[in-house]
Amino acid sequence: MSRRIDGKAIAAQIKDELKEEVLRLKGSGVTVGLAVILVGEDTASAIYVNNKKKACEYVGIESVSYELPADTSQEDLLALIGRLNQEEKINGILVQLPLPEHIDEEAVITAISPDKDVDGFHTESAGRLLVGKEGFLPCTPAGIIQLIRRSGFSIEGKECVVVGRSNIVGKPMALLLLRENATVTVAHSKTENLQQVTSRADILVAAVGKPKFITADYVKEGAVVIDVGIHRTAGRKMCGDVDFEEVQKKAAAITPVPGGVGPMTIAMLLANCVEAAKR
Ligand code: BQF
């Protein structure tokens, strides 16, 4: 039987730390402001944006939200970002992804001032992470590092396998683990003998995008298993990329879905906003 890593509790602890810091900043005349932009009305995106706004309110970050119609032109969106880049009271700008088909996500993300890139998706932020310069870290991978550390596991020297190579999770996750002095393997949909590769992992990060894809056969006895996936089953229950029931019998520790990585992503967004205001 394994330990369940309580992401919700660890995120709550981080939010309480941030709340105090926001209060301290207010005392010295500094406010923290986040602009949240949502284009169209994707159901999941609306939920995520709502989670972010509520979390901001909790820690005392002033969030201003822009909910734009699905047919908003790229030009109008870029113009809004241009104005927010100039606004002193806005420390962070978040554009909720995915954007409607007719909008070029890369163009939108790079329009955000790197100083306000609290999602850490700008090529400038990615470049900084790659070469080891200070910058905003993508929230999900940064949250996972915190989750592992704060549950008392060490990363240095460990064999880590990341399954998935997206710009938002897989690639930055690998870089952050490397920065923590882990030995890192990035596996993906074209990896041969995937089970053999993942079975080497002391720390396994699953960002596959397929419900319950990681079964016990993919996991080494005593591994720490981090589940990045979020899926909804036919019965409206949530599940991750990991078959929790099966894998928990074999792992030393495992994150649940919900209540694992998700809340940490939100906590790291808040941390980036506070950092942006301090700089
Ligand atoms: C939880 C996200 C995929 C694609 C775009 C708490 C969130 C989720 C789950 C949340 C996510 C996932 C977000 C839980 C933000 C994380 O209790 O398990 C919070 O709001 N997330 C997003 O903004 O965009 C996504 C996943």
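Everything below is about the structure printed above this text.
This is a predicted model, so every value here is computed, not measured.

Under the definition given, this model contains 1 aromatic pair. On the basis of an interplanar angle of 50° and a centroid distance of 5.4 Å, the ring pair of Phe 213 and Tyr 218 is categorised as tilted. Assessed through its relative accessible area of 25%, Phe 213 is described here as partly exposed. We classify Tyr 218 as buried; its relative accessible area is 11%. Over the aromatic face of Tyr 58 sits the side chain of Lys 15, whose NZ or CZ is 5.9 Å from the ring centroid. Across from the ring centre of Phe 136, 4.3 Å away, lies the NZ or CZ of Arg 279, which sits over that ring.

Under the defined criterion, the tally for this structure stands at 1 cavity of 30 Å³ or more. Space inside the largest cavity adds up to approximately 50 Å³. Around the largest cavity, the lining residues are Val 95, Leu 97, Ile 109, Ile 112, Asp 117, Asp 119 and Phe 121. Its residues placed into classes, the lining of the largest cavity shows 5 nonpolar, no polar and 2 charged.

For the ligand, the full set of nearby residues is Tyr 48, Asn 51, Lys 52, Gln 96, Ile 230, Pro 258, Gly 259, Gly 262, Pro 263 and Ile 266. A distance of 2.6 Å is found between an oxygen atom of the ligand and a side-chain nitrogen or oxygen belonging to Lys 52. Taking Gln 96, its side chain carries an N or O atom lying 3.0 Å from an oxygen atom of the ligand. Protein contacts shield 70% of the accessible area of the ligand, which totals 530 Å² for the unbound molecule. Secondary-structure elements contributing two or more residues to the shell around the ligand are helix 2 (43-59) and helix 10 (261-278).

Calculation criteria
- Residues numbered from 1 in each chain as written.
- Predicted model: local features only at pLDDT ≥ 70, side-chain atom pairs only at ≥ 80, totals over all residues.
- Heavy atoms only, no water.
- Phe/Tyr/Trp six-rings, centres within 6.5 Å; stacked < 30°, edge-to-face > 60°.
- Buried < 20%, exposed > 50% of the residue type's maximum accessible area, 1.4 Å probe, protein only.
- Lys NZ or Arg CZ within 6 Å of the ring centre and 35° of its normal.
- 1 Å grid on protein atoms, 1.4 Å probe; cavity = no way out; pocket = protein on both sides within 12 Å on 5 of 7 lines; lining within 4 Å.
- Points joined across faces, edges and corners; volume = space filled by probe spheres on them.
- Nonpolar A, V, L, I, M, F, W, Y, C, P; charged D, E, K, R; others polar.
- Near = heavy atom within 4 Å.
- Polar contact = N/O pair within 3.5 Å; in protein donor to acceptor, adjacent residues only side chain to side chain.
- Areas by Shrake-Rupley, 256 points an atom, 1.4 Å probe, with all protein chains shown as cover.
- Helix = DSSP H or I, 4+ residues; strand = E, 2+ residues; numbered from the N terminus.

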